[in-house]
Amino acid sequence: MRTLPRTLPRHSARLLLVTLLLAGCQSTGASAPVPAGGASPAAAAAPAPAPRPAAQPSQSFPDWLRALRAEALAQGIRAQTFDRAFQRVKLSDRVVELDSSQPEFTRQVWQYLDSAVNEKRVQAGRQKMQENAALLNRISQRSGVPAEILVAFWGVETDFGNSTGGFSVVDALTTLAYEGRRAAYFRTELLAALRILDSGDIAPERMSGSWAGAMGQTQFMPTIFLKHAVDEDGDGHRDIWGSLPDVLASTAKFVLANGWRSGERWGEEVRLPDGFPYDQAELSVVKPVSEWRRMGVLPAGGGELAGEGPASIIVLAGHQGPAFLARDNFRAIMRYNPSTSYALAVALLSDRMAGRAGVLGSWPRQETALSKDERTELQERLASLGMEPGTPDGIIGANTRNALRRFQTSIGVVPDGFATKGMLERLRRAS
């Protein structure tokens, strides 16, 4: 971490705040208590500031911070709150590095699930459910979100509070708002974090989280905290860092707002019939359960598909791996984190903790992951054959899968859209 950016002389952050104080900024007075899940009355009453462009690299940090302070005070945040939060502010090279890096994503989905839904975590989750049964029952009955779903989010996000992130949220968001790729977005999150501090929910020293500013035991961004955090234990603070009642009730409120349908499951593992049209195995393809039933889709554990309503079929490892029927509640999980693998991890962990079976199908563990360069090459070779995979960016999305299905159809193999080293070799021979 660096205390000040390269454009400043090396003097303390405390002296920087003295400079800002001498600029004539005045306190707006004490703020009223914050209602659970909402912004402070002062902030709500203040006129919305004009949209601000991202800071230019040539802007000095003192000038940028002075403008941020004026904007925060205009929104009703008290001067003493701002000054305490930035008393020892540090800009982080590590945060910039993490924000700028392009991860390789070289793990296959089953490797991710092996770590997220392993037996140790299942047993730990069951223990947490038993220890907190009364609390979970109260929250679940009120919200309609099952206890095992709440505990699964808790487990996948931070291993039940054991890995919440060691970054100062103010430091991380300041770094990203000043010189990150999405400066405007993180400036909004930083101002939201200041409103949280202004409410007295948490002290700056305790406001820790991930490098991107996600906070607490179920990793809320500050704007999500303002909308959905709950003071469940009644101590006057919404504490998603140290109060388990607040953590679980806040998570339930957020999941419910994301469209959770009470009394319904997320979906289930299914068996697909021979000749299933794999171009239909996309989240974007939604059919009534009755239509999937008519097409011969069956539960993996036997019997017939139950219930009605809209659903999609997803296969994350092609025809060689298991298939899943994803209902509305699967999409609600994805609104927490828009990753199919993440949502499946939460869903499967919740099933295991509730005593339901794990995955019955087999993953094609012999398939090793493509590197980013190999994924880009696969896209480029599909494009050279006129298969229209979209921009070659190394990210396997729906366009690439559909293009690969067209190629697979042309060579007479199951068109499941699963990108493998074998398919890349076939493309190399064909182009």
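Just so we're clear, the structure is a prediction, and the values are computed from it rather than from any experiment.

What counts and what doesn't
The numbers attached to residues start from 1 for each chain and follow its sequence in the written order. Per-residue local features of the predicted model are confined to residues with pLDDT of at least 70, and side-chain atom pairs are confined, for both listing and counting, to 80 or more; whole-chain, interface and lining totals are unaffected and use all residues. The side-chain quantities take in all heavy atoms of the structure and omit both hydrogens and water. Helical segments are the DSSP runs of H or I of at least four residues, strand segments are the runs of E of at least two, and each set is numbered from the N terminus. Accessibility here uses a 1.4 Å probe with only protein chains present; expressed as a share of the type maximum, an area under 20% marks a residue as buried, one over 50% as exposed, and anything in between as partly exposed. Any two residues having at least one pair of non-hydrogen atoms within 4.5 Å are treated as being in contact. Note on pairing: DSSP must find at least two bridges between two strands before they are called paired. Two rings belonging to Phe, Tyr or Trp (six-membered ring only in the last case) form a pair when the distance between their centres is within 6.5 Å. Interplanar angles under 30 degrees mark stacking, angles over 60 mark edge-to-face geometry, and anything in between is tilted. Here, a charge over a ring means that NZ of Lys or CZ of Arg falls within 6 Å of the ring centre while also lying within 35 degrees of the ring normal. Under this scheme, a helix contributes an axis fitted over its contacting stretch, all axes are lines through C-alpha atoms, and angles between N-to-C directions fall in the 0 to 180 degree range. Helix crossings are classified by the rotation of the near helix relative to the far one: an anticlockwise turn of less than a right angle makes the crossing left-handed, while a clockwise turn makes it right-handed. When residues are sorted by character, Ala, Val, Leu, Ile, Met, Phe, Trp, Tyr, Cys and Pro go into the nonpolar class, Asp, Glu, Lys and Arg into the charged class, and all the rest, Gly among them, into the polar class. Polar contact is defined as a pair of N or O atoms within 3.5 Å, subject to the rule that within protein one atom must be able to donate a hydrogen and the other to accept it, and that residues adjacent in sequence are counted only when both atoms are side-chain atoms. Salt bridges, as used here, are contacts in which a Lys or Arg side-chain nitrogen is within 4 Å of a carboxyl oxygen on Asp or Glu. Nonpolar core, defined: a set of buried Ala, Val, Leu, Ile, Met, Phe, Trp, Tyr and Cys residues in which side-chain atoms within 4.5 Å join the residues together. Confidence scores here are pLDDT values: one per residue, from the predictor, ranging 0 to 100.

Caption draft 1: Structural detail: the overall build of the chain. Along the chain, the regular secondary structure elements total 19 helices and 7 strands. Within the chain, buried positions represent 51% of all 431 residues. Counted over contacts in the chain with a minimum sequence separation of 6, partners at least 24 positions apart contribute 68%.

Caption draft 2: Geometry of the pairing of strand 6 (residues 310-315). The element strand 6 is extensively covered by neighbouring structure, given that 5 of its 6 residues are classed as buried. Summarising the sheet, strand 4 (residues 287-288) and strand 6 pair through 2 bridges and their orientation is antiparallel. Within strand 6, the position partnered with K287 by the bridge is A311. Pairing geometry for strand 6 and strand 7 (residues 323-326), over 4 bridges, is antiparallel.

Caption draft 3: A look at unusual backbone geometry. In this model, F160 sits at a positive phi of 60°, which is unusual for a non-glycine residue. Examined against the element boundaries, F160 turns out to sit in the loop between helix 9 (147-158) and strand 1 (167-168). The phi torsion at Q219 lies on the positive side, around 55°, for a residue other than glycine. Judged by its relative accessible area of 16%, Q219 falls in the buried class.

Caption draft 4: Layout of the sheet that holds strand 3 (residues 267-271). Strand order in the open sheet formed by 5 strands is 4-6-7-3-5, and the pairing between neighbours is antiparallel. Strands at the two margins of the open sheet, each flanked by one partner only, are strand 4 and strand 5 (298-299). As paired elements, strand 3 and strand 7 share 4 bridges and run antiparallel to each other. The residue of strand 7 that forms the bridge with E269 is F324.

Caption draft 5: Here's a closer look at the environment of A323. For A323, the position within the fold is in strand 7. Along the chain, A323 and V359 lie 36 residues apart, while their C-alpha atoms are 9.5 Å from each other.

Caption draft 6: Here's a closer look at the packing of aromatic side chains. Scanning all chains against the criterion turns up 18 aromatic pairs. Arranged with centres 4.4 Å apart and planes meeting at 25°, the rings of F82 and F86 form a pair that is stacked. In terms of burial, F82 and F86 fall into one category: buried. Ring geometry for W266 versus F324: centroids 6.4 Å apart, planes at 45°, classification tilted. Placement of W266 in the loop between helix 13 (244-257) and strand 3 and of F324 in strand 7 is noted, with a sequence separation of 58 residues between them. Given a relative accessible area of 3%, W266 falls into the buried group. Taken together through their ring pairs, the aromatic side chains of W110, W266, F324, F330 and W363 make up a single cluster. Seen from the ring of W292, K287 lies directly overhead, with NZ or CZ sitting 5.7 Å from the centre.

Caption draft 7: Inspection of helix 10 (residues 169-179) at higher detail. Among the 11 residues that make up helix 10, 10 are buried, leaving the element largely enclosed by the rest of the structure. Inspection of helix 10 places V169, V170, D171, A172, L173, T174, T175, L176, A177 and Y178 among the buried residues, and these make up the whole buried set.

Caption draft 8: Examining the packing of helix 7 (residues 119-131) against helix 16 (residues 340-353) more closely. Relative orientation of the contacting elements helix 7 and helix 16 amounts to 60°, with a least axis distance of 9 Å. In this structure, the crossing between helix 7 and helix 16 has a hand that is right-handed. When helix 7 is examined against helix 16, the residues E119, R121, V122, G125, R126 and M129 are found in contact with a partner set consisting of L349, R352 and M353. For the contact of helix 7 with helix 16, the class distribution of residues is 4 nonpolar, 1 polar and 4 charged.

Caption draft 9: A look at the side chain of D201. With respect to the helices, strands and loops of the structure, D201 is situated in the loop between helix 11 (183-199) and strand 2 (208-209). Its relative accessible area of 6% is what places D201 among the buried residues. A polar side-chain atom of D201 sits 2.7 Å from a polar atom in the side chain of S199. Separated by 2.6 Å, the side chain of D201 and the backbone nitrogen of R238 make a polar contact. Setting aside its immediate chain neighbours within four residues, D201 contacts I196, F225, G236, H237 and R238.

Caption draft 10: Structural detail: the pattern of salt bridges. Summed over all chains, the structure comprises 28 salt bridges. Residue D239 is joined to R206 by a salt bridge in which the shortest nitrogen-to-oxygen separation is 3.4 Å. Residue D239 is found in the loop between helix 12 (222-228) and helix 13, and its partner R206 is found in the loop between helix 11 and strand 2; the two are separated by 33 residues along the sequence. Owing to a relative accessible area of 10%, D239 belongs among the buried residues under this scheme.

Caption draft 11: View of the nonpolar core. Ranked by size, the top nonpolar core spans 90 residues in total, and within it F86, L194, M207, F330 and I333 carry the most contacts. With 9 residues, helix 16 is the largest single contributor of residues to this core. Ranked by size, the runner-up nonpolar core spans 15 residues in total, among them V270, L272, V285 and V297.

Caption draft 12: Region of the structure containing the environment of A347. On the secondary structure map, A347 appears in helix 16. Spatially, the C-alpha atoms of A347 and N329 are 9.4 Å apart, while their sequence positions differ by 18 residues. Setting aside residues up to four positions removed in sequence, A347 forms contacts with W266 and I333.

Caption draft 13: Layout of the confidence of the model for the chain. Overall, the prediction assigns the chain a mean pLDDT of 88, with 86% of residues at 70 or greater. Every residue in residues 2-57 scores below 50 in pLDDT, and together they form 100 contacts with partners more than four places removed in sequence or on other chains.

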